[in-house]
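Next come the chains, spelled out residue by residue.
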Amino acid sequence: MGLNTLDLGVIALYLAGVTLFGLRFRSRSRTLKSYFLADKSIPWWAISLSIVAAETSTLTIISVPGLAYDKDFRFLQLVLGYLLGRILVSFLFIPQYFRGELVTAYQLIDRRFGKRLHFIVAGIFLATRAAAEGVRVFAVAIVIRAAMGALLGNFSDLGRDVCAIGIVTLLTLAYTFEGGLSAVIWTDVVQLAIYIAGTITAVFTILHLVPGGWPAIHTIAANADKFRLFDFSFNLTSTYTLWSGLIGGAFLTAASHGTDQLIVQRLLAARTQRQSQAALLTSGLVIFIQFSLFLLIGAMLYAFYKLIPPTSSINRTDTLFPTFIVTRMSHGIAGLLIAAILAAAMSNLSAALNSLSSTTIVDFYSRLRPQSSEAQRIRLSRASTVLWALVLFALAILSRNGGKVIENGLAIASIAYGGLLGVFLLGVLTRRASENGAILGFILGFAVNLYLRFGTSIAFTWYVAIGSIVTFITGYLASLILPIKPVAVSTEVPPCSN
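Thresholds, definitions, all that
The numbers attached to residues start from 1 for each chain and follow its sequence in the written order. Only residues with pLDDT of 70 or above have their local features reported here, since the model is predicted, and side-chain atom pairs are shown and tallied only from 80 upward, although totals for entire chains, interfaces and linings are computed over all residues. By convention in this description, side-chain values take in all heavy atoms of the structure and omit both hydrogens and water. A pair is scored as a salt bridge if a Lys or Arg side-chain nitrogen falls within 4 Å of a carboxyl oxygen belonging to Asp or Glu. In this description a helix means any DSSP run of H or I spanning at least four residues, a strand means any run of E spanning at least two, and both kinds are numbered starting from the N terminus. A 1.4 Å probe rolled over the protein chains alone gives each residue an accessible area, and that area as a share of the maximum for its type sets the label: buried under 20%, exposed over 50%, partly exposed in between. Identification of polar contacts relies on pairs of N or O atoms within 3.5 Å, with a donor-acceptor requirement for protein atoms, meaning one able to donate a hydrogen and the other able to accept it, and with residues adjacent in sequence counted only if both atoms are side-chain atoms. Any pair of residues with heavy atoms lying within 4.5 Å of one another is described as a contacting pair. The directions from the helix axis to the C-beta atoms form the arc being described. Aromatic contacts are taken between Phe, Tyr and Trp rings whose centres are within 6.5 Å, Trp giving its six-membered ring; a plane angle under 30 degrees counts as stacked, one over 60 as edge-to-face, and the others as tilted. Any Lys NZ or Arg CZ found within 6 Å of a ring centre and within 35 degrees of that ring's normal is scored as a charge over the ring. Only residues whose relative accessible area exceeds 30% and that form no salt bridge enter a patch; like-charged residues are grouped when within 9 Å of one another, and nonpolar side chains (Val, Leu, Ile, Met, Phe, Trp, Tyr) when within 5 Å. Per-residue accessibility takes into account occlusion by the displayed protein chains alone, with areas from the Shrake-Rupley method and a 1.4 Å probe. The pLDDT value tells you how sure the predictor is about a given residue, anywhere from 0 up to 100. Helix axes are fitted only over the stretch in contact, all axes being lines through C-alpha atoms; the angle between N-to-C directions runs from 0 to 180 degrees. By the definition adopted for this analysis, an angle is roughly parallel if under 35 degrees, roughly antiparallel if over 145, roughly perpendicular if from 65 to 115, and oblique otherwise. Should the near helix be turned counterclockwise from the far one by less than a right angle, the crossing is left-handed, whereas a clockwise turn marks it as right-handed. By definition here, a helix of n residues has an expected span of 1.5 Å times n minus one. A residue's bend is given by the angle between axes fitted to the 7 residues ending at it and the 7 residues starting at it. Residue polarity is assigned by list, with Asp, Glu, Lys and Arg as charged and Ala, Val, Leu, Ile, Met, Phe, Trp, Tyr, Cys and Pro as nonpolar; anything else, Gly included, falls into the polar class.

K.L.:
Explain the pattern of salt bridges here, please?
P.N.:
Opposite charge on two side chains lets them pair, provided their charged atoms get close. A complete count under the given rule lists ten salt bridges for this structure. One salt bridge in this structure joins E374 and R377, with 4.0 Å as the shortest N-O distance. Separated by three residues within a single helix, E374 and R377 lie in helix α16 (residues 374–398), roughly one turn from each other. Take E374: its relative accessible area is 10%, and that puts it in the buried class.

Listed below in C-alpha cells is the structure:
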C-alpha cells in the first residue's frame, strides 16, 4: 500500500514536535554537572524510563520481532539475565558511584587505580560505544528504505541511507547540543511513550487483519513452536539458552549498566542513591514487558504471513516489521508507527552523544587541562557533541553491509565489556589489586574476547562473562606477583570542574 501524504505528515509532525520539545530545555549551563547530570534534579521514574529508552534502539524494535518470526521466544532468556544483572549493579556499583561527586563511570577507576587505567578504560568506551552506536544508527536507514522506497526512487541505496541517517542525526543533535542531559532524559520519556503506544497499536492491527483473530494466531504460532521460551541445553555456540541467558545476560547487564557511561550517567543524575537503585530495578520490569511485546509481534506476523503470504520473499527479517507497517497498515497509523521507530532511534542516539561527550571532556580534557575554566569546558562539551554526531554518522554509513543488526550491535559492545567489567570488579571487590595488575588483566581479557569474536563460534552472549572472569583472575594474580604497592581505596574524586 505504501505511505501517503497523511503518513508523511505524521512523521514530519513527530520529528518537528520532538525536536522543539527537546529545545524547550535549552539552558545556559554553567557547570559540567548541570550539563551532563541535569543538576541531579530528575525524578527516579523519569530516569527509569530514560534507561529503557537509552538501551532500546531502532534495531531493537525491528530486529527482535524478526527473531520470533525466524525462531521463537528464547531471546527472553537473555532478558531474564538482564534482571539479575540490574540487581548486581544496584547493590555493588551504585553505592560506589555515590561516594563522591562523580560525573562519569571512569572517574571511579581513577579514584581506585590511577590515571593510566582511567585513560585506557575511558578510551575503550569511546571506541566501542561509537562502533556499536554506528550499527544502531544504521537501523534508521533500514526503516526509511522500507517506508519511503517509492518516494526516494531516484536515489541510490547509498543516497537514501545518507538522507535518512543525516536527518535523524541532525535533529537529535539540535536538542542534545542545547539542553544536555535534561533535554535527553525528558525527550526519552516522550519517545518511549510514543514507540510503546505504536507497538501496542501494531498488535491490535494484526489481530484485526488475521482471519480468526487471536485463536487463529495462537494455533498457527504454537504449532510452529514460536512460543518456546526455555532451552536447557548447555552449548557455548548456541546464542539463546537458559544458561547463556541467565549467566551471560547478567554479566552483560552488569557491564552495560555498571560500567558504560551511556547508562551510568543516568544513574548518577538521580537525586539520591536510593532513587538511583529504584530507577534501575524498575527499568528491568519495563524492559521485560517491552521485549515480550516485540517478540509477540514477531510470532503474530508469522501467523499473518502463513495465512496471507507476502508478495515477495522475506530475505532479511530486520525488514519484516517495517515492511508490514508500510504495506499492510492503514494510512495515518502507518505513519505513526514509522515515527515511533524513529523515536527509538533518536532516543538512543541522544543518549550516545551525551555520554560520549561527557567522557571526552571529563575523563580526557579536564584531566589534561586542569587549569581550563568551567566556561571553556561547557563550550567544548557542546563542540564535542557535534564532533561525535559526525563520527556516528560516518560509522552508520560504514555499517551498511552488516548482518542482523541487533546481534552485531550486542557483539561489538560485548568485546570490550568483558575487560571493563573485570576491571571494575577488581576495584570494587578487592583491595590488593594494583593498577599494573589490572592493566594486564584488562589487556588479556580484551584479547580473549577478540579471539572469541573472530576466532571461534562461541555465542556473543558468553563474551562478557568469559572476558570479565579472565580479566579479574589475571589482574588479581598479576597484582600479587608484581612488586607494586596496592592502591588504597579512596573516597576522593579527581576534579572535573572548578
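K.L.:
Any chance you could explain the side chain of S276 here in plain terms?
P.N.:
Along the chain, the position of S276 falls in helix α13 (residues 273–307). Overall, the relative accessible area of 0% leaves S276 in the buried class. Among the polar contacts made by the side chain of S276, one reaches the main-chain carbonyl oxygen of L267 at a distance of 3.1 Å. Apart from the residues lying within four places of it in its own chain, the contact partners of S276 are I94, F98, L267 and A270.

K.L.:
Would you explain helix α10 (residues 213–223) in this entry?
P.N.:
Because an α-helix completes one turn every 3.6 residues, residues spaced three or four positions apart along the sequence face the same direction. Listed in full, the buried residues belonging to α10 are G213, A216, I217 and A221. Relative to the axis of α10, the buried residues are bounded by an arc of 120° and lie together on one face. The exposed residues of α10 that point more than 90 degrees off its buried face are P215 and N223. Trailing α10 by a residue or two, D225 shows a phi angle of about 60°, which is positive.

K.L.:
Got a minute to help me understand the packing of aromatic side chains in this structure?
P.N.:
The geometry of an aromatic ring pair comes down to the distance between the two centres and the angle between the two planes. Evaluated as defined, the whole model comprises 20 aromatic pairs. For the ring pair Y305 and F324, a centre distance of 6.5 Å and an interplane angle of 85° mean the geometry is edge-to-face. Separated by 19 residues along the polypeptide, Y305 in helix α13 and F324 in helix α14 (residues 320–328) bring together distant segments of the chain. You can call Y305 buried: its relative accessible area is 9%. Over the aromatic face of Y302 sits the side chain of K226, whose NZ or CZ is 4.4 Å from the ring centroid. Above the face of the F454 ring, R453 is positioned so that its terminal group lies 5.8 Å from the ring centre.

K.L.:
What exactly am I supposed to notice about the side chain of T172 here?
P.N.:
Looking at where T172 falls in the secondary structure, it is placed in helix α9 (residues 157–209). Side-chain polar atoms of T172 contact the backbone oxygen of V168, separated by 2.7 Å. Ignoring any residue separated from it by four or fewer positions in sequence, one finds T172 in contact with M346, L349 and S350.

K.L.:
So what exactly am I meant to see when it comes to a nonpolar patch on the surface here?
P.N.:
Where nonpolar side chains cluster on the molecular surface, the patch consists of F230, F232, F234, L236, W243 and I247 and spans about 590 Å² of accessible area. As for its placement among the helices and strands, W243 is situated in helix α11 (residues 242–258). A relative accessible area of 32% places W243 in the partly exposed class.

K.L.:
Just to check I follow, could you spell out the confidence of the model for the chain for this structure?
P.N.:
For residues with low pLDDT, the predicted coordinates do not support detailed interpretation. Mean pLDDT over the chain: 84, with 90% of residues reaching 70 or higher. Every residue in residues 403–407 is under pLDDT 50, and counting partners more than four places away or in other chains gives 21 contacts. In the predicted structure, residues 486–498 sits below a pLDDT of 50 and forms 38 contacts with residues beyond four places in sequence or in another chain.

K.L.:
What should I look at first to understand the packing of helix α15 (residues 333–368) against α16 in this one?
P.N.:
A pair of packed helices can be characterised by two numbers: the angle between their axes and the separation between those axes. Two elements in contact, α15 and α16, have axes whose closest approach is 8 Å; the angle formed by their N-to-C orientations is 130°. With respect to their mutual orientation, α15 and α16 come out oblique. As α15 packs across α16, the resulting crossing turns out to be right-handed. For the pair α15 and α16, contact is made by L349, A352, L353, L356, S357, T360, I361, Y365 and S366 and by R377, L380, S381, S384, T385, W388, A389 and L392, respectively.

K.L.:
Whenever I open this one, α11 confuses me. Can you help?
P.N.:
Between its terminal C-alpha atoms α11 stretches 23 Å, which fits the 24 Å expected from 17 residues at 1.5 Å a residue. At G248, α11 shows its maximal bend, which comes to roughly 25°. Among the 17 residues that make up α11, 13 are buried, leaving the element largely enclosed by the rest of the structure.

K.L.:
Explain the packing of α10 against α13 here, please?
P.N.:
Relative to each other, α10 and α13 sit at 95°, their axes nearing to 9 Å. With respect to α13, the axis of α10 lies roughly perpendicular. Here W214, I217, I220 and A221 of α10 come into contact with α13, specifically with L296, A299, M300, Y302, A303, K306 and L307. For the contact of α10 with α13, a count of residues per class yields ten nonpolar, no polar and one charged.

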